[in-house]
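Here is how the chains run, residue by residue.
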Amino acid sequence: MTRRDAAWVIARAVAVSGGGAFFPSWASAAEAEPYRPVFFKAEEYRILDSFTAILIPTDDTPGAREARVAPFVDFVVNAAAEYAPEVQREWRQALGWLKAD
């Protein structure tokens with residue numbers, strides 16, 4: 001997937017129903033309850049969260065967890081079902097590779 005393809009999927013995700021409810025809570029840094037994944041299973045979501053935290057670690061600047069990267073990815077991949085279902089297959093496959101023992 002190219003950056004252009006990813007941008008197109010994200011733009012469409014913003015337009016789907018649920019986007020209006022997701023983005024304000026995603027942007028809020030002080031959310032009281034932990035995020036509940038919509039697309040990924042609990043174990044897949046933990047893998048995603050850990051992987052993004054490795055890619056963008058928290059050091060003297062905020063990292064992936066503070067930026068809420070995993071919830072954003074979960075939302076976008078879930079929204080891709082209507083417009084780009086192959087995105088969901090690719091993410092499941094990639095997380096399967098990360099999960100492999």
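Look a little higher up for the structure.
Description of the structure in this document.

Some thoughts on helix H5 (residues 69–83)
Right, on to step 1. With 15 residues, H5 ought to run about 21 Å at 1.5 Å a step, and its terminal C-alpha atoms sit 21 Å apart, in line with that.
Right, on to step 2. Those residues of H5 lying buried are Ala-70, Pro-71, Phe-72, Val-73, Asp-74, Phe-75, Val-76, Val-77, Ala-79 and Ala-80.

Comments concerning the nonpolar core
The nonpolar side chains of a soluble globular protein tend to be buried, and buried together.
Right, on to step 1. Counting 13 residues, the largest nonpolar core has Phe-40, Tyr-45, Leu-48, Val-73, Val-77, Val-87 and Leu-95 as its most contacted members.
Right, on to step 2. For this core, the elements supplying multiple residues, two or more each, are helix H3 (42–55), H5 and helix H6 (85–99).
Right, on to step 3. Beyond its immediate sequence surroundings of up to four residues, Leu-48 is in contact with Phe-40, Ala-70, Val-73, Trp-91 and Leu-95.

Notes on the pattern of salt bridges
Right, on to step 1. Here the structure, examined in full by the defined rule, presents three salt bridges.
Right, on to step 2. Note that Glu-43 and Lys-99 form a salt bridge whose closest N and O atoms lie 3.5 Å from each other. One end of the pair, Glu-43, is in helix H3; the other, Lys-99, is in helix H6, and 56 residues separate them in sequence.
Right, on to step 3. Here Lys-99 falls in the partly exposed class, since its relative accessible area comes to 45%.

Rules behind the numbers
Here the residue index of a chain counts from 1 through its sequence in written order. Given that the model is predicted, a residue must reach a pLDDT of at least 70 before its local features are reported, and side-chain atom pairs must reach 80 or more before they are shown or counted; all residues, however, enter totals for whole chains, interfaces and linings. For the side-chain quantities, the full set of heavy atoms in the structure was used; hydrogens and water were omitted. Helix and strand assignments come from DSSP, with helices taken as H or I runs of at least 4 residues and strands as E runs of at least 2, each series counted from the N terminus. Each residue after the first adds 1.5 Å to the expected span of a helix. Residue burial is assigned from relative accessible area. The probe radius is 1.4 Å, only protein chains are included, and a residue is buried under 20% of its type maximum, exposed over 50%, and partly exposed in between. The definition of a nonpolar core used throughout is a set of buried Ala, Val, Leu, Ile, Met, Phe, Trp, Tyr and Cys residues joined through side-chain atoms within 4.5 Å. Only heavy atoms matter for contacts: two residues are in contact if any of them lie within 4.5 Å across the pair. Basic side-chain nitrogens of Lys or Arg form a salt bridge, by our definition, when they fall within 4 Å of a carboxyl oxygen of Asp or Glu.

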